[in-house]
Amino acid sequence: LFIAAAMYFATFPSDAHANVIWPGLVVGWAALFWSVPAGLLIEFLAVQKWLPGIKEPGKAVIIANLISALAGIILFPILATLGEVVPKTVLRPPAEWSPEWDRSYHLLTLVGLIPLAALASTLIEGQVMHKRFGLDQSGRTFKVLFLANLVSTSVAAFFAAAFL
C-alpha cells in the first residue's frame, strides 16, 4: 500500500511535473538527434579499423547498440542509483549530507557515470558481437570496444549537457 501511494504521489500530474517533463522531452530528443548518430559513427569507425575480424561492422554495431540500448532502459537507472548512493554513503554518512556538498558531489558522479555506462555498454555489445558476429574476446577487443564506447558516451553526455 505504501509503495502504491508513493507511486501515485510521485507520478500525480502537477505544475511542477509539467515544468520538468516538457523541457526534459525536448532536451532528450535534441540530444538523441545528435548523439545517437555520432555514437554509432564513432563505434563503426573503431570496429571497422581496429577489429577487422567482423565482416559486417555496420550491421554489428547497429544490432549491438540496439540490444545495449534496450538493456540500458533497465540497467542505467540501476547503475545511476548505485553510482550515486554507494560512493556518497562511503564518503560521508547521510547525517553529514548538505545541499552545498551535493552540488559538487553530483558533478563527480556525473563524470564517474560516463566510464561506468561505457563499461556496461562494452560488456553487452562485446557479447552480442561475439555470439552473433564471431568477434574474438581478447583483451585488445575489449580495449577497442571500451574506448569507442567511452568516446561515444562522452559525446552523448556533451550533447545532453549542451542542450540543458
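Everything discussed here concerns the structure shown above.
Note that the coordinates shown come from a computational prediction; the quantities given were computed from them, not determined experimentally.

1. Quick word on the overall build of the protein
Right, so step 1: When helices and strands are tallied, the protein shows 5 helices and 0 strands.
Right, so step 2: Each helix (α) and strand (β) of the protein, taken in turn from the N terminus, gives the series α-α-α-α-α.
Right, so step 3: Counting only contacts in the protein whose residues sit at least 6 apart along the sequence, the fraction spanning at least 24 positions is 69%.
Right, so step 4: Here the protein has roughly 11,000 Å² of accessible surface; of this, 77% comes from carbon and sulfur atoms.

2. Observations regarding the environment of isoleucine 67
Right, so step 1: Locating isoleucine 67 in the fold gives a position in helix α3 (residues 57–91).
Right, so step 2: Between the alpha carbons of isoleucine 67 and serine 121 there is a distance of 9.5 Å; along the sequence they are 54 residues apart.
Right, so step 3: Not counting chain neighbours up to four residues away, the residues in contact with isoleucine 67 comprise Ile124 and Val128.

3. Side note on the nonpolar core
Right, so step 1: Judged by nonpolar contacts, the single largest core of 14 residues is most densely connected at Val47, Leu51, Ile54, Ala60, Met129, Leu135 and Leu145.
Right, so step 2: Of all the secondary-structure elements, those providing two or more residues to this core are α2 (15–50), α3, α4 (99–133) and α5 (139–162).

4. What to know about the packing of aromatic side chains
Right, so step 1: Applying the stated criterion to the full structure yields 1 aromatic pair.
Right, so step 2: For the ring pair phenylalanine 142 and phenylalanine 146, a centre distance of 6.0 Å and an interplane angle of 10° mean the geometry is stacked. Highlighted residues: phenylalanine 142 and phenylalanine 146, both in helix α5, separated by 4 residues, approximately one helical turn.
Right, so step 3: Of the residues examined, phenylalanine 142 reaches a relative accessible area of 36% and is grouped as partly exposed.

5. Some remarks on α3
Right, so step 1: The end-to-end C-alpha distance of α3, which contains 35 residues, comes to just 43 Å, noticeably less than the 51 Å that a straight helix rising 1.5 Å per residue would cover.
Right, so step 2: Along α3, the sharpest change in direction is near 50° and occurs at glycine 72.

6. Re a nonpolar patch on the surface
Right, so step 1: A cluster of nonpolar side chains, contributed by Leu66, Leu70, Ile73, Ile74, Ile78, Leu82, Val86 and Val90, occupies part of the molecular surface with about 820 Å² of accessible area.
Right, so step 2: When you line up the elements, isoleucine 73 lands in helix α3.

7. Topic: the layout of surface pockets
Right, so step 1: Space inside the second largest pocket adds up to approximately 160 Å³.
Right, so step 2: As for the second largest pocket, its lining consists of Thr122, Leu123, Gly126, Gln127, His130, Leu135, Asp136, Gln137, Ser138, Thr141, Phe142 and Leu145.
Right, so step 3: Put simply, the parts of the chain that give the lining of the second largest pocket at least two residues each are α4 and α5.
Right, so step 4: Residue contributions to the lining of the second largest pocket peak at 5 residues, all from α4.

Definitions and limits used
Residues numbered from 1 in each chain as written. Predicted model: local features only at pLDDT ≥ 70, side-chain atom pairs only at ≥ 80, totals over all residues. Heavy atoms only, no water. Helix = DSSP H or I, 4+ residues; strand = E, 2+ residues; numbered from the N terminus. Contact = heavy atoms within 4.5 Å. Areas by Shrake-Rupley, 256 points an atom, 1.4 Å probe, with all protein chains shown as cover. Core = buried A, V, L, I, M, F, W, Y, C linked by side-chain atoms within 4.5 Å. Buried < 20%, exposed > 50% of the residue type's maximum accessible area, 1.4 Å probe, protein only. Phe/Tyr/Trp six-rings, centres within 6.5 Å; stacked < 30°, edge-to-face > 60°. Expected span 1.5 Å × (residues − 1). Bend = angle between axes of the 7 residues up to and from the residue. Patch = residues over 30% accessible without salt bridge, like charges linked within 9 Å, V, L, I, M, F, W, Y side chains within 5 Å. Salt bridge = Lys/Arg side-chain N within 4 Å of Asp/Glu carboxyl O. 1 Å grid on protein atoms, 1.4 Å probe; cavity = no way out; pocket = protein on both sides within 12 Å on 5 of 7 lines; lining within 4 Å. Points joined across faces, edges and corners; volume = space filled by probe spheres on them.

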